[in-house]
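Close look at the chain arrangement
What follows is each chain in one-letter form.
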Amino acid sequence: MNFISRTITGIVMIVAGLIIIILSFFNSLEFLFYGIPILIMGIFILLNKKEDKIEKIKRR
C-alpha cells in the first residue's frame, strides 16, 4: 500500500475499532471481541512502513 491508502485505511480501522469498543460498554461486552482486533490491525496498518520499501535484485 502506498502512504495515502495506508493512512486512510489505518485511520478508518482505528476509528471503527474505537466506536465498537465504546458501544460494547453500553450494549454487550461481546462487541469487545471485535473492537480490539480491529483497533490493533488499524494501528499495525498505520505504522507499518516496511511494506513500501523495494528490495534491490541481487545479481551475481
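Up top you'll find the structure we're talking about.
All of the points below concern the structure found in this document. (Residues numbered from 1 in each chain as written. Predicted model: local features only at pLDDT ≥ 70, side-chain atom pairs only at ≥ 80, totals over all residues. Heavy atoms only, no water.)

1. Here we look at the overall build of the chain
Applied cut-off: What counts as a helix is a DSSP run of H or I of at least four residues, what counts as a strand is a run of E of at least two, and both are numbered from the N terminus. The quantity called the radius of gyration is restricted to C-alpha atoms. Its globule counterpart is 2.2 Å times the number of residues to the power 0.38. The buried label applies to any residue whose accessible area, calculated with a 1.4 Å probe on protein chains only, is under 20% of its type's maximum; exposed applies above 50%, and partly exposed to all values in between. Every residue pair with non-hydrogen atoms within 4.5 Å of one another is taken to be in contact. To be clear on the numbers: accessible area is Shrake-Rupley with a 1.4 Å probe, and residue cover counts the displayed protein chains and nothing else. The positive count covers Lys and Arg only, the negative count covers Asp and Glu only, and His and the chain ends enter neither. Charge positions are represented by NZ for Lys, CZ for Arg, CG for Asp and CD for Glu.
The number of helices and strands found in the chain is 2 helices and 0 strands. At 16 Å, the chain has a C-alpha radius of gyration far larger than the 10 Å of a compact globule built from 60 residues. Taken over the C-alpha atoms alone, the chain extends approximately 60 × 20 × 10 Å along its principal axes. Every one of the 60 residues in the chain was classed for burial, and the buried ones make up 18%. Partitioning the intrachain contacts of the chain with sequence separation of at least 6 by distance along the chain shows that 62% fall at a separation of at least 24. For the chain, the exposed area adds up to about 5,400 Å²; of that, 72% sits on carbon and sulfur atoms. Taking the average place of the 8 positive charges on the side chains of the chain and the average place of its 4 negative ones, the gap between the two points comes to 16 Å.

2. Considering the environment of Arg6
With respect to the helices and strands, Arg6 occurs in helix H1 (residues 3–26). In sequence terms Arg6 and Asn27 are 21 residues apart; their C-alpha atoms lie 31 Å from each other.

3. Focus on the side chain of Ser24
Applicable threshold: Whenever a nitrogen or oxygen atom comes within 3.5 Å of another N or O atom, the pair is scored as a polar contact, on the condition that within protein one atom can donate a hydrogen and the other can accept it, and that pairs from neighbouring residues in sequence are kept only if both atoms are in side chains.
Tracing the backbone shows Ser24 in helix H1. Engagement of the side chain of Ser24 in a polar contact is seen with the backbone oxygen of Ile21, the distance being 2.5 Å. Those residues in contact with Ser24 that lie beyond four places of it in its chain are Leu29, Phe31 and Leu32.

4. Considering the side chain of Arg6
For Arg6, a relative accessible area of 6% corresponds to the buried category. At 3.4 Å, the side chain of Arg6 and the backbone oxygen of Asn48 are in polar contact.

These values are about where atoms sit, not about what they do.
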